[in-house]
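Here is how the chains run, residue by residue.
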Amino acid sequence: MNNLLWLIPVLPLLGFLILSLAGKSLSKTSIALIGVGSVSLSALITILIGLNFLNDPPAAGFISQTLYTWIEIGNFKPEITFLLDPLSLVFVFVITFIGALIHVYSAGFMKGDKDYSRFFASMNLFVFSMLVLVLADNLLLLYLGWEGVGLCSYLLIGFWYENPQNGYAARKAFIMTRIGDTAMAIALFMIFSWFASLQISDILLKAPQLFQQGDTTITIIALLLLAGGIGKSAQLPLQNWLPDAMAGPSPVSALIHAATMVTAGVYLIARMNVIFELAPIAQMTVAIIGAATLLIAGFSACTQYDIKRVLAYSTISQIGYMFLALGLGAWTAAIFHFMIHAFFKALLFLAAGAIIETLHHEHNMFKMGGLKNKMPVIFWTFLIGSASLAALPLISAGFYSKDPILWYAWSAEKGNMIFWAIALLGAFITAAYTCRMVIVTFWGSSKTEIGHMPGSLMTTPLLVLAFFSVVAGFIELPHNFGHFTLFSDFLHPVLPEVTMGNETWPEWIFQLMASLATFGGIYISYQLYSKNPALILRLKQSSLATALYQFWFLGWGFDRLYDILFVKPLTYLSNINKNDIVDQIYSGISFISIKLYRLLSYTQSGSLRWYAMGLLLGAIIILTIQIVT
Amino acid sequence: MDTIFYITAAVSVFATLMVITRHNPVHALLYLIVSLLSLSVIFYLLGAPFAALLEIIIYAGAIMVLFIFVIMLLNLGKETAKQEKEWLKPRIWVGPAFLSLIVFAELFYLIYTSVPETNSAIQTVDSKMVAVSLFKPYILAVELAAMLLMAGVVGAAHIGQHKKSNLHRFLKETDDL
Amino acid sequence: MNTTIPPETVMLLAALLFVLGIAGVIIRKNIIFMLLSVEIMLNSAGLAFIIAGAKWAQPDGQIMFIFILAMAAAEVSIGLALILQIYHQHKSMDIDRLKEMNG
C-alpha cells in the first residue's frame, strides 16, 4: 500500500499532460472525467495510505519513496524522493481531498467555458505542484513545487485573459510572490553553504549542532525563509496580491487562495520548525507579522462590497492567525487551524462562486440580498462555513481551531498580552464582517434576478465540505473539556510541543472572552445591517468614518504605498535613463563605423581615373621607400 | 650604332608624347604606330630581330588595325576631336603629369644609382634560341597563352554582339545615363 | 651588330615610355585613348624585358615579350569589344560618365 505513494503526485501530473496535449480533441465529458478523476484517485490513495499510516505507523515515523536521482554532483545529490510524515500527510490529505471536491464542483461550474481543458490542465498541474511541495524530502524539490505553484497561480488567476484587468492581477500575484521566492532561493543557497545538504531531515538534525540559539546566520536563514513564506501566504508586506487574485474563477480562488497555495508558507515554516526555534528573533517576527496581518486584513474585509474580496481578506486574516500560532511555537495549533480553515474557506468560496454564477456574475453583495429562501442549500452551507469562520463557540470547527491560538497567544512562553489582545480584536472583527456578509447576502430584499440554480455537481461538494466544517473540529478538543488531542498527538513526532510560560487566568475565561468577542461582532453587524440601517447612514456622514472606510477599503493603501515607494522611483529612474547610457556606447561604435565606412566609400567612386591615380600614388610610395632605405 | 639608337629613342618618346596629347583619335593612332615602329628598330639594335619583327607584324599591323576598325565603326571624327579639346584642359592634366614626373624622376634616380655592370656588351639573341627555349622550357606557358587568346576571341565575340536589351520593363531606363 | 649602348639608358627609355603611358591613362577621359595608353605601357614593359634579355644574352626576355604580345592581343580584342558596347549603351566615350557607384 505504502509504495503507491508516488501515484499521489503523479496522477494529477498525468492528468495535466493528457489534458494539455490532447485536450483540444477530447469531449467535455472526458475532460471532466480525466481532470476530476486524476485528483480524486490521488485523494483515494491518500486516504488509503493515511488509514494505513494511522493503523500501522511505520517504525521510522515516515514513509519515503525514491523515484530517481535528479542531479548528482559530488556530495550534492538531490533525489526525487517523496516523504510522507504526519505533517505532510495532513497537507496531502487537505490538498487532494479538498482539491478533488473543488474539481468536482468545477466540472459543473466551468461547464459553459470554452477553455474547459485548459482549466482542468492548469488545476491538475497546480495540485501536482502543491503535492510535490509538501511531499518533497529535500528543499530543492520543494522549491520546484514552490515555483510550480507560483506558475499555476499565474495561469489560473489570469484564466479569463481576455480582460486585461485579470492579466494585471495575474502579473501582480506572480511578481509579488516572486519577491518572496527570491528571498527563499537565497535562503536555500545559505542553507546549502552551511549544511552542505538540502535534505530536510539532515538540516533539521544538524541545525542544533551547528548553531547556538540565536546565531546571526541561522536568524538570517530563518528570516529569508520567512520572507518566502510571506510571499506565498500573502502576509503583511506582500499581502496585497491576494485580493486582486480574485479575478480568477471561483474554484480557483477556493483551491489556490483558500485551501492550498497560501498555506505553502505555513507548511514551510512548520517544516523548518527547528530552524525557527533556534532563531527567536525570526520566530518573534513571524508572530508579529501574523498579528499585524490578521488585524489589517480584518479591517479591510469590513469595508469590501465584493463578496470574493471579503473572503480574500478573511483568508489573509486567518493565515495571520496561523502565522501568529507558528510564531508562538504552537505548531500543531497552526496546522490544525490550517486544516479547518481549508475546509470552511473552500466551502465559502465555492458557495460564493455558486451565488455569483446564479446571479449572472454579480460580485457586489449589496446587490444580492434575500437569497435565504431562494437558494436554501447554498444558504445553509454558507452559513455553516461562516459560523466556522466566525468561530461560533462549541458547534463550529473554527472555534476549536482558533481558540487554542487565542489561548496560546498569552499563555505560551513566547506569547504576551498584546498578541492576545490583537487576536481577540481580530476574532471580534472576523465575526463582524462574516455576519455582515451573511446578512447582506441572504437577508433583506432581493435585488437581482436569479438565474438557473447550481446543479448537484456543485452542491454535493458544498455539503461534504459543510459536514467537515462542523465535524473536523471535534478531533482536537481544548484542555479543559474533553482534552481530546488526537490531531496534535498525531503531529507531535514531527512538530515540537508548545512550551507554556506565562501564568494567566484559567483557560475557560479565554474561551468565554473569545465567545463574547464573536457574539459581540455578530451583534454589531446585526445592529448595523439588519436592525438599524440608519446607523450606517449616520456613520457615512462623519468624515472620519468615511476616510477610514476609504483607507481600509483600499487595503490600508498598501498598493498606493508600493506605487510611491517602488513603482514611481523605478519609472522615474528608467525615465532618466530613457536613452540607455550603456546602449549609447554601442550605438556610438556603430555610428563611428558608419562614418568611417562613408569616408572609405569615397574611395570606391567608380571613377577609373581615380583608381589609376591611386596606382600611381602607390608606385610613388613604393619607389620612395626604395630610395629612402 | 649608338646614334641610331638615340635618334629612334627620341622619335619614340616624341611620338608617344603626341599619342597622349592628340585630340583626334586617328592622329593619335598614327603616332602610336610611329612609336611602335621606332621601338621595333630599338629591339633590332638590341639584338632581338625576332621581337622586332613581331612588333611590326602583330603590334603595328594587327592590333592597330583593330583600333582603326573600331574608330571607324564608332565614327569618331571631328566631333570627338572637339570634345577631346574641351576635356583636355591644363586644369585636368597638370596634376597627373606632375605625379608622373615624380615617378619618372624616382625611376631615373634608381636606375642610375644602381651598381653598373662591368660586362655591358649586348649580344644578339637569334630566333633559333628563342624558338628552342619557347618550345622546350616554356611550352606550358605557350599553351596557356593559346588558351588566353582563345578566351579573348570568345569573349570579344560574346561581348561584341549586338543584343536587344531584354530588361524587365520596370528596369528600363527612360533617359540614357 | 654589337652596340655599346648602356642598358641603363635603354631602361630609362622604357621607364620614360611607361610613365608617359600611365600619364595618358590618367589625363584622358576618352576610353579609346586610355586603351592606347595602356598599349604604350605594355610596350614599355616589353622593352624592359628585351633589354634585360639582351644584357644577359638569354632568350627569356624575348619570350616574355612574346607573351606580353599575346596578352596585349587578347586584351585589345576584349577591350575594344567593351568599348563598342559602352558606346552603344551610353552613346559616349567619357569614362567618367560610366561610374554608377555613388562613392
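Provided above is the structure to which this section pertains.
What you see is a predicted model, and the numbers here were worked out from it, not measured in a lab.

### Section: the overall build of chain A
Each helix and strand in chain A was counted, giving 26 helices and two strands. In terms of overall dimensions, chain A has C-alpha extents of about 120 × 60 × 55 Å along its principal axes. Once local pairs closer than 6 in sequence are excluded, the contacts in chain A between residues at least 24 apart make up 80%. Of the roughly 26200 Å² of accessible surface on chain A, a fraction of 69% belongs to carbon and sulfur atoms.

### Some points on the packing of helix α10 (residues 250–259) of chain A against helix α15 (residues 331–358) of chain A
Residue and element names in this part refer to chain A. Contact pair α10 / α15: the axes reach a minimum separation of 8 Å and the direction vectors enclose 160°. Of the possible angle classes, the one that applies to α10 and α15 is roughly antiparallel. As for the relative orientation of α10 and α15, their crossing is right-handed in sense. The residues of α15 that touch α10, namely those facing S250, P251, S253, A254, H257, A258 and A259, are F338, H341, A342, K345, A346, F349, L350, G353 and I356. Here the contact of α10 with α15 is built from residues that sort into 10 nonpolar, five polar and one charged.

### Examining the interface of chain B and chain C
Each side of the interface is counted separately: chain B has 83 residues, and chain C has 75 residues. Summed over both sides, the interface between chain B and chain C buries roughly 7400 Å², with carbon and sulfur atoms accounting for 76% of that surface. Between chain B and chain C we count one salt bridge in total. Where chain B touches chain C, the interface holds nine residue pairs in polar contact (both at pLDDT 80 or more). Element by element, the count of residues in the side of chain B that touches chain C is highest for helix α3 (residues 49–74) of chain B, at 13 residues. Here the side of chain B that touches chain C is composed, by residue class, of 61 nonpolar, 16 polar and six charged.

### A closer look at helix α18 (residues 417–442) of chain A
Residues and elements named next belong to chain A. Relative to the 38 Å expected for 26 residues at 1.5 Å per residue, α18 spans 37 Å between its end C-alpha atoms, a close match to the ideal helical length. Counted residue by residue, α18 has 20 buried out of 26 residues, so it is predominantly covered. For α18, the N-terminal cap is N416; the gap from its side-chain oxygen to the backbone nitrogen of I418 is 3.0 Å. Trailing α18 by a residue or two, G444 shows a phi angle of about 75°, which is positive.

### Description of the interface of chain A and chain C
If you look at the interface, chain A gives 12 residues, while chain C gives 12 residues. Across the chain A to chain C interface the summed buried area is about 1000 Å²; carbon plus sulfur atoms make up 69%. When the buried surface of chain A facing chain C is broken down by residue, L608(A), R609(A) and L616(A) rank first, second and third, together holding 47% of it. Counting every contact that joins chain A to chain C gives zero salt bridges. Taken together, the links from chain A to chain C amount to two residue pairs in polar contact (both at pLDDT 80 or more). When residues of the side of chain A that touches chain C are assigned to their parent elements, the largest contribution, six residues, is made by helix α26 (residues 608–628) of chain A.

### A short note on unusual backbone geometry
Note: most residues except glycine have negative phi, and most peptide bonds are trans. We note that A234(A) has phi near 55°; this positive angle belongs to a residue other than glycine. Residue placement: A234(A) occurs in the loop between α8 (216–233) and α9 (241–244). Residue classification places A234(A) among the buried residues on the basis of a relative accessible area of 0%. Unusually for a residue other than glycine, K91(C) sits at a positive phi of about 55°. Relative to the helices and strands, K91(C) is located in the segment after α3 (60–90).

### So, helix α19 (residues 456–471) of chain A
Residue and element names in this part refer to chain A. The first and last C-alpha atoms of α19 sit 22 Å apart over 16 residues, in line with the 22 Å expected at 1.5 Å per residue. Buried within α19 are the following residues: M458, T459, P461, L462, L465, A466 and S469. Within α19, the buried residues cover an arc of 160° as seen down the axis, which keeps them to one side. Looking at α19, the residues exposed on the side facing more than 90 degrees away from the buried face are S456 and F467.

### Notes on the nonpolar core
Ranked by internal contacts, the top residues of the largest apolar core, which has 206 residues, are I98(A), L142(A), L225(A), F276(A), I335(A) and F382(A). Sort the elements by how many residues they give to this core and α15(A) lands first, with 21 residues. In contact with F276(A), other than residues within four places in its own chain, are A222(A), L225(A), L226(A), I269(A), A282(A), Q283(A), V286(A) and W331(A). Counting residues in each nonpolar core, the second largest holds 82 residues, with L623(A), A9(B), L32(B) and I63(B) among its members.

### Thoughts on a nonpolar patch on the surface
A surface patch of nonpolar side chains, amounting to about 470 Å² of accessible area, comprises W6(A), L67(A), Y68(A), W70(A) and L144(A). With respect to the helices and strands, L67(A) occurs in strand β1 (residues 63–69).

What counts and what doesn't
- Residues numbered from 1 in each chain as written.
- Chains lettered and ligands numbered in written order.
- Predicted model: local features only at pLDDT ≥ 70, side-chain atom pairs only at ≥ 80, totals over all residues.
- Heavy atoms only, no water.
- Helix = DSSP H or I, 4+ residues; strand = E, 2+ residues; numbered from the N terminus.
- Contact = heavy atoms within 4.5 Å.
- Areas by Shrake-Rupley, 256 points an atom, 1.4 Å probe, with all protein chains shown as cover.
- Axes fitted to C-alpha atoms, helices over the stretch in contact; angles between N-to-C directions.
- Parallel < 35°, antiparallel > 145°, perpendicular 65-115°, else oblique.
- Left-handed = near helix turned anticlockwise from the far one by under 90°.
- Nonpolar A, V, L, I, M, F, W, Y, C, P; charged D, E, K, R; others polar.
- Buried area = accessible area lost by both parts, 1.4 Å probe.
- Salt bridge = Lys/Arg side-chain N within 4 Å of Asp/Glu carboxyl O.
- Polar contact = N/O pair within 3.5 Å; in protein donor to acceptor, adjacent residues only side chain to side chain.
- Expected span 1.5 Å × (residues − 1).
- Buried < 20%, exposed > 50% of the residue type's maximum accessible area, 1.4 Å probe, protein only.
- Arc of directions from axis to C-beta.
- Core = buried A, V, L, I, M, F, W, Y, C linked by side-chain atoms within 4.5 Å.
- Patch = residues over 30% accessible without salt bridge, like charges linked within 9 Å, V, L, I, M, F, W, Y side chains within 5 Å.

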